[in-house]
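# Chain and residue survey
Take a look at the letters that make up each chain.
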Amino acid sequence: MASYQHLGLALLAFGAVVSATSFFVLQSVPLTALGLGAIMVGIASAMLPPTSVPSSLVKEMLQNSATNIEAILEEFNVKGRALYLPPRDGRVTAFISIEDKPVLEVASSGEVPLRVLSMAGGSRGVTVFPPGSELPKSQDSYRETTYEDLLRSVLVDASELADSVKITSQGDIEVVEIKSAKVVPRLPKFDACLGSLPSSVAASALAYKTNSRVSIEGEERYGDSRIILTLRRYPGSVAE
Amino acid sequence: MTFKNSLYIISLATLVGISTVSLAAIGQTGLDVYVSVFVIIYFAMSAIFSPRRRVRFDFLGLALFCIFAIIVAFRVASILGIQL
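### Observations regarding the packing of helix H2 (residues 29–46) of chain A against helix H2 (residues 31–49) of chain B
Packing of H2 of chain A against H2 of chain B brings their axes to within 9 Å, and their N-to-C directions diverge by 25 degrees. When the interaxial angle is binned, H2 of chain A and H2 of chain B end up roughly parallel. H2 of chain B is crossed by H2 of chain A, and the crossing has right-handed handedness. From H2 of chain A, Val-29, Thr-32, Ala-33, Leu-36, Gly-37, Met-40 and Ala-44 of chain A reach across to H2 of chain B, where they touch Leu-31, Tyr-34, Val-35, Phe-38 and Tyr-42 of chain B. A per-class count over the contact of H2 of chain A with H2 of chain B returns 10 nonpolar, 2 polar and no charged.

### Some details on the nonpolar core
Core analysis: the largest hydrophobic core is formed by 53 residues, its most contacted members being Leu-83, Tyr-84, Ala-94, Leu-155, Ile-178 and Ala-202 of chain A. Among the elements that take part in this core, helix H8 (residues 197–210) of chain A stands out by supplying 8 residues, more than any other. In terms of nonpolar packing, the next biggest core, distinct from the first, is built from 24 residues, Leu-34 and Ala-38 of chain A together with Ile-9 and Leu-64 of chain B among them.

### Some details on unusual backbone geometry
Residues and elements named next belong to chain A. Located in the positive-phi region is Asn-77, a residue other than glycine, with phi close to 50 degrees. Position of Asn-77 among the secondary structure elements: in the loop between helix H3 (55–76) and strand S1 (82–88). Located in the positive-phi region is Glu-160, a residue other than glycine, with phi close to 55 degrees. On the secondary structure map, Glu-160 appears in the loop between helix H6 (147–158) and strand S5 (164–170).

### Section: the environment of Val-116 of chain A
All names here are of chain A. Mapped onto the fold, Val-116 is located in the loop between helix H4 (103–107) and strand S3 (117–120). For Val-116, a count of 11 C-beta atoms within 10 Å corresponds to the exposed category. Through-space distance from the C-alpha of Val-116 to that of Phe-129 is 9.6 Å; in sequence the pair is 13 residues apart. Apart from residues no more than four positions distant in its own chain, Val-116 is found in contact with Val-126 and Thr-127.

Reading guide: rules and limits
- Throughout this description, residue numbers start from 1 for each chain and increase along the sequence as written.
- Each chain takes a letter, starting from A, and each ligand takes a number, starting from 1, following the order in which they are written.
- Side-chain atom pairs in this predicted model are given and counted only at pLDDT of 80 or more, local residue features only at pLDDT of at least 70, and totals for whole chains, interfaces and linings cover all residues.
- Fitting a line to C-alpha atoms yields each axis, with helices limited to the stretch in contact; the angle taken between N-to-C directions then spans 0 to 180 degrees.
- Numbering of helices and strands runs from the N terminus; a helix is a DSSP stretch of H or I covering at least four residues, while a strand is a stretch of E covering at least two.
- Angular relationships are summarised with four words: roughly parallel below 35 degrees, roughly antiparallel beyond 145, roughly perpendicular across 65 to 115, and oblique for the angles in between.
- Note on convention: the crossing is left-handed when the near helix lies turned anticlockwise from the far helix by less than a right angle, right-handed when the turn is clockwise.
- Here contacts are defined at the residue level, using C-beta atoms placed from the backbone and a cut-off of 7 Å between them.
- Each residue gets one label: Ala, Val, Leu, Ile, Met, Phe, Trp, Tyr, Cys and Pro are nonpolar, Asp, Glu, Lys and Arg are charged, and the others, such as Gly, are polar.
- We define the nonpolar core as any set of buried residues of the types Ala, Val, Leu, Ile, Met, Phe, Trp, Tyr and Cys, connected via C-beta atoms lying within 7 Å of each other.
- For every residue, the other C-beta atoms within 10 Å of its own C-beta are counted; 20 or more classify it as buried, 12 or fewer as exposed, and values in between as partly exposed. C-beta atoms are placed from the backbone.

As structure tokens, then:
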């Protein structure tokens, strides 16, 4: 059980004892109120989602993962844009063609082999596990029903990569507004191929949630921390 | 623990503590007044921090709202001179 639940139960027990004692024995209204206040704070705390791993640590791990992928992309001199593939064994993968080819050609191809170097849609490419490939799976316990809920739990709560997210759906297009996004500097290949770190995590979450192939159509940055991300789903694509 | 959720709980607990001490200091003896202030603090903090919860529905918020509604109903009834 996580810290919030421990804190909540402790406050709940403390509040129940204080309010009952104060009301029936001491007959003190302020102390009774203090006990009721502790019960309220305790329940509010117990209702918060458990976080077994500190979000700052999750953020560091994601940034390290992005740095490793940057090294792989540099090594293969990858120029294409990533196509995020539906989860296999609960993990989202991303195929990036080595040549700068339209993502649509790859999106309509058959199954993409799960190898570092592979062919898809007539293109040679690299298949990587993007930084947030397993994060959505870990958020299942929160019973998210919408993509916005899932993305908020992944980007805001679990990893603290953003302060807020807002999504507008237009058919197969999802426009995601990410506020106060923490972008990792000096990752030119990663940014060019997979999008910035928060955008990559958002694309992985959409591929996971909808079980379809996803590409980043556009990513506009306003100032240092606001991102408007356009994601396209390919719902008719082959399941991996 | 996420920073936002921690701040939410700390703010809630601090404001509940401050309001209890303040109301006690001015000699308030009605428990309904304390509870009403707690309810307002809870909804204000929830609106400011928008914390995510393990359950989709805010049962505590509903319970507090019902309690607040009952307190207000009793107050209005006493002002109108209706015996409940």
